[in-house]
Amino acid sequence: MESAAAPETQDAEAPRPSAPPPSPAEPPAAPRARPRLVFRTQLAHGSPTGKIEGFTNVRELYAKIAEAFGIAPTEILFCTLNSHKVDMQKLLGGQIGLEDFIFAHVRGETKEVEVTKTEDALGLTITDNGAGYAFIKRIKEGSIINRIQAVCVGDSIEAINDHSIVGCRHYEVAKMLRELPKSQPFTLRLVQPKRAFDMIGQRSRGSKCPMEAKVTSGRETLRLRSGGAASLEEVPSEFEEEASRRVDDLLESYMGIRDPELASTMVDTSKKTLSVQEFAHRLDSVLGEFAFPDEFVVEVWAAIGEAREACG
């Protein structure tokens with residue numbers, strides 16, 4: 001008997017696994033979320049603590065502080081960081097640490113003083129708040145102004161001989177004072193910051209109290225500009241801090257002003273230049289309104305170079 005044949009098998013290809021469906025296009029990487037920056041603030045003469053956020057420049061910062069306390073922005077003369085005292089070493093400049101506490105100094109009494117210019121220099125160092133007010137940052141020992149007890153560090157200069165200088169930059173005010181004729185009396189109208197009972201010693205630079213040391217994250221700061229938006233940046237390097245300090249000293253000796261933001265901008269400009277000639281050209285394009293003399297630009301370039309060498 002013939003046995004049944006085994007079923008015929010065909011040498012067919014093994015079935016291939018079906019291809020996976022195409023994956024959807026990867027979404028573009030989400031932009032880095034901007035951290036919510038909230039700063040604590042008080043009025044320097046005493047107030048509850050307020051919180052401010054959402055400002056992008058100096059004027060908006062003042063507006064936010066004013067809104068928090070129900071006052072006009074024009075009431076604020078200047079701000080200090082981590083101290084309610086009129087301490088020019090803690091003046092709010094171009095950098096705010098993310099954990100800094102902002103104290104706003106507001107308008108107090110108005111006073112007028114008569115001054116006779118018996119020397120070329122009055123002995124004043126002028127700065128401004130970036131929002132329209134120029135004020136006295138330093139009084140030189142033994143100077144004309146130092147002999148007038150009514151004039152104090154922190155006083156805002158509102159008028160010279162009844163000519164309002166509100167809205168003028170500090171270098172403009174310093175130029176006006178330098179150009180006043182000698183031996184001819186003139187009048188300064190000053191506004192002093194409103195003071196609490198313990199705010200004394202305004203004629204000094206202020207002592208550094210350990211309890212008022214700067215509190216900061218140590219990583220990033222908010223850099224403010226009198227024009228343009230604020231930006232979150234790394235804490236300045238040792239070189240940047242030293243160079244800015246030296247340039248600020250030169251600004252005082254040449255122009256009678258102090259301006260950490262201006263000094264920092266000049267240091268930043270120097271990083272993109274290889275010669276003093278190129279540095280002078282860039283300064284003129286960025287800060288032409290200051291009309292820096294050539295000898296001053298050379299001094300600044302040298303000071304920045306010395307700072308670079310000192311910091312390795």
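Our structure is the block above this text.
Bear in mind that the values here come from a model prediction, so they are computed numbers and not experimental data. (Residues numbered from 1 in each chain as written. Predicted model: local features only at pLDDT ≥ 70, side-chain atom pairs only at ≥ 80, totals over all residues. Heavy atoms only, no water.)

Novice: Explain the pairing of strand 3 (residues 76-81) here, please?
Specialist: Burial of strand 3 is extensive: six of the six residues sit out of reach of the surface. The pairing of strand 3 with strand 5 (residues 101-116) spans five bridges and is classified as antiparallel. Across the sheet, the residue bridging to isoleucine 76 is valine 106, located in strand 5. (Buried < 20%, exposed > 50% of the residue type's maximum accessible area, 1.4 Å probe, protein only. Helix = DSSP H or I, 4+ residues; strand = E, 2+ residues; numbered from the N terminus. Pairing = 2+ DSSP bridges.)

Novice: Is there a simple way to explain helix 1 (residues 58-69) in this structure?
Specialist: Since the α-helix turns once every 3.6 residues, residues separated by three or four places project in the same direction. With twelve residues, helix 1 extends 17 Å from end C-alpha to end C-alpha; this agrees with the ideal 16 Å at 1.5 Å per step. Inspection of helix 1 places Val58, Leu61, Tyr62, Ile65, Ala66 and Phe69 among the buried residues, and these make up the whole buried set. In a view along the axis of helix 1, the buried residues occupy a sector of 135 degrees, so they form one face of it. Of the surrounding secondary structure, the elements contacted by the buried residues of helix 1 are strand 1 (39-43), strand 2 (50-52), strand 3, strand 4 (95-97) and strand 5. Note on helix 1: the residue one or two positions beyond its end, glycine 70, has a positive phi of about 65 degrees. (Expected span 1.5 Å × (residues − 1). Arc of directions from axis to C-beta. Contact = heavy atoms within 4.5 Å.)

Novice: In this structure, what is going on with the packing of aromatic side chains? I would like to understand it.
Specialist: Any aromatic ring pair is given by two values, namely how distant the centres are and how the planes are angled relative to each other. Inspection of every chain in the model, using the stated rule, returns eight aromatic pairs. Relative to tryptophan 301, the ring of phenylalanine 279 lies with its centre 5.3 Å away and its plane at 40 degrees, an arrangement referred to as tilted. Taken together, the residues span a long stretch of sequence, with phenylalanine 279 in helix 5 (residues 276-287) and tryptophan 301 in helix 6 (residues 294-310) at a distance of 22 residues. Counting every residue linked through ring pairs, the aromatic cluster contains Tyr171, Tyr254, Phe290, Phe292 and Phe296. (Phe/Tyr/Trp six-rings, centres within 6.5 Å; stacked < 30°, edge-to-face > 60°.)

Novice: Would you take a moment to explain the pattern of salt bridges for this structure?
Specialist: Should their charged atoms come close, side chains of opposite charge can pair. Taken as a whole and judged by the stated rule, the model has 20 salt bridges. Here arginine 189 ties to aspartate 162 by a salt bridge, and the two come within 3.7 Å at their closest N and O atoms. Remark: aspartate 162 occurs in the loop between strand 8 (156-160) and strand 9 (163-164) and arginine 189 occurs in strand 10 (residues 185-193); sequence separation between them is 27 residues. Of the charged contacts, one joins arginine 246 and glutamate 242 as a salt bridge, the two residues approaching to 2.7 Å between their closest N and O atoms. (Salt bridge = Lys/Arg side-chain N within 4 Å of Asp/Glu carboxyl O.)

Novice: Sorry, what's going on with helix 6 here?
Specialist: With 17 residues, helix 6 should reach 24 Å at 1.5 Å per residue; the first-to-last C-alpha distance of 25 Å fits that figure. Regarding helix 6, the residues found buried are Phe296, Val297, Val300, Ala303, Ile304 and Ala307. Around the axis of helix 6, the buried residues are gathered within 125 degrees of arc, so they sit on the same side. For helix 6, the exposed residues lying more than 90 degrees away from the buried face are Asp294 and Glu309. Where helix 6 is buried, its residues touch helix 3 (238-255), helix 4 (260-270) and helix 5.

Novice: Whenever I open this one, the packing of helix 4 against helix 6 confuses me. Can you help?
Specialist: For any two helices packed against each other, one specifies the inter-axial angle together with the distance between the axes. Closest axis-to-axis distance for the helix 4/helix 6 pair is 11 Å, and the angle between their directions is 75 degrees. Classified by the interaxial angle, the pair formed by helix 4 and helix 6 is roughly perpendicular. Here Met266, Val267 and Ser270 of helix 4 come into contact with helix 6, specifically with Phe296, Val300, Trp301, Ile304 and Arg308. Each residue belonging to the contact of helix 4 with helix 6 can be placed in one class, and the counts come to six nonpolar, one polar and one charged. (Axes fitted to C-alpha atoms, helices over the stretch in contact; angles between N-to-C directions. Parallel < 35°, antiparallel > 145°, perpendicular 65-115°, else oblique. Nonpolar A, V, L, I, M, F, W, Y, C, P; charged D, E, K, R; others polar.)

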